[in-house]
Amino acid sequence: MASSSAISSSKTRFLSSVSTSVLRYGAPVFAAGAITKRNLTRLNSTYRLMAMRVASAYRTISMDAVCVIVGMTPIKILLEEDCACYGLRGTTGARKIARVAVAAGLGQ
């Protein structure tokens, strides 16, 4: 399949954000199963494919590189943030607190 298509970049970015929402749906509930190595590999594969289509990149590009080029946060970080927000539900500013907590966890 060709790496470029007739669909514009803004449309593919929109479609990838919709697909990301579908991937993230219910993640806090099944967090223990989602972060296993096998399932994370599957999620990364799908997420990388979406990012490659947005960037019109070839399949030889790495997951980290394509996420930086496109400006998409890696799926593992998004899932960890969703799980932290789910634990803080009912708290004002839960998303901001979760982002700080996930960023602090990545720094270690």
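Residues numbered from 1 in each chain as written. Predicted model: local features only at pLDDT ≥ 70, side-chain atom pairs only at ≥ 80, totals over all residues. Heavy atoms only, no water.

Asks: Would you mind going over the nonpolar core with me for this structure?
Replies: Where a protein is soluble and globular, its nonpolar side chains tend to be buried together. Core analysis: the biggest nonpolar cluster contains 18 residues, and L23, Y47, V66, V70 and I75 have the highest contact counts within it. Put simply, the parts of the chain that give this core at least two residues each are helix 3 (37–55), helix 4 (63–70) and helix 5 (75–87). Ignoring anything within four residues of it in the chain, the contact list for V66 reads R48, A51, M52, A55 and I61. (Core = buried A, V, L, I, M, F, W, Y, C linked by side-chain atoms within 4.5 Å. Buried < 20%, exposed > 50% of the residue type's maximum accessible area, 1.4 Å probe, protein only. Helix = DSSP H or I, 4+ residues; strand = E, 2+ residues; numbered from the N terminus. Contact = heavy atoms within 4.5 Å.)

Asks: I tried to follow helix 4 on my own but got confused; where do I start?
Replies: Structural remark: α-helix, 3.6 residues per turn; residues separated by three or four positions point the same way. All of the buried residues in helix 4 are M63, V66, C67 and V70. Down the axis, helix 4 shows its buried residues gathered within 100° of arc, on one side only. Exposed and facing more than 90 degrees away from the buried side of helix 4 are D64, V68 and I69. Of the surrounding secondary structure, the elements contacted by the buried residues of helix 4 are helix 1 (9–24) and helix 3. (Arc of directions from axis to C-beta.)

Asks: What's the story with the side chain of T20 in this structure? I'm lost.
Replies: Secondary-structure assignment places T20 in helix 1. The residues contacting T20, other than those within four sequence positions of it, are Y47, M50, M72 and L78.

Asks: Help me understand a nonpolar patch on the surface, please; the structure alone is not making it clear to me.
Replies: On the surface, F14, L15, V18 and V22 cluster together into a nonpolar patch covering about 400 Å² of accessible area. Position of V22 among the secondary structure elements: in helix 1. Given the relative accessible area of 60%, V22 is considered exposed. (Patch = residues over 30% accessible without salt bridge, like charges linked within 9 Å, V, L, I, M, F, W, Y side chains within 5 Å. Areas by Shrake-Rupley, 256 points an atom, 1.4 Å probe, with all protein chains shown as cover. Salt bridge = Lys/Arg side-chain N within 4 Å of Asp/Glu carboxyl O.)

Structural measurements only, silent on function.
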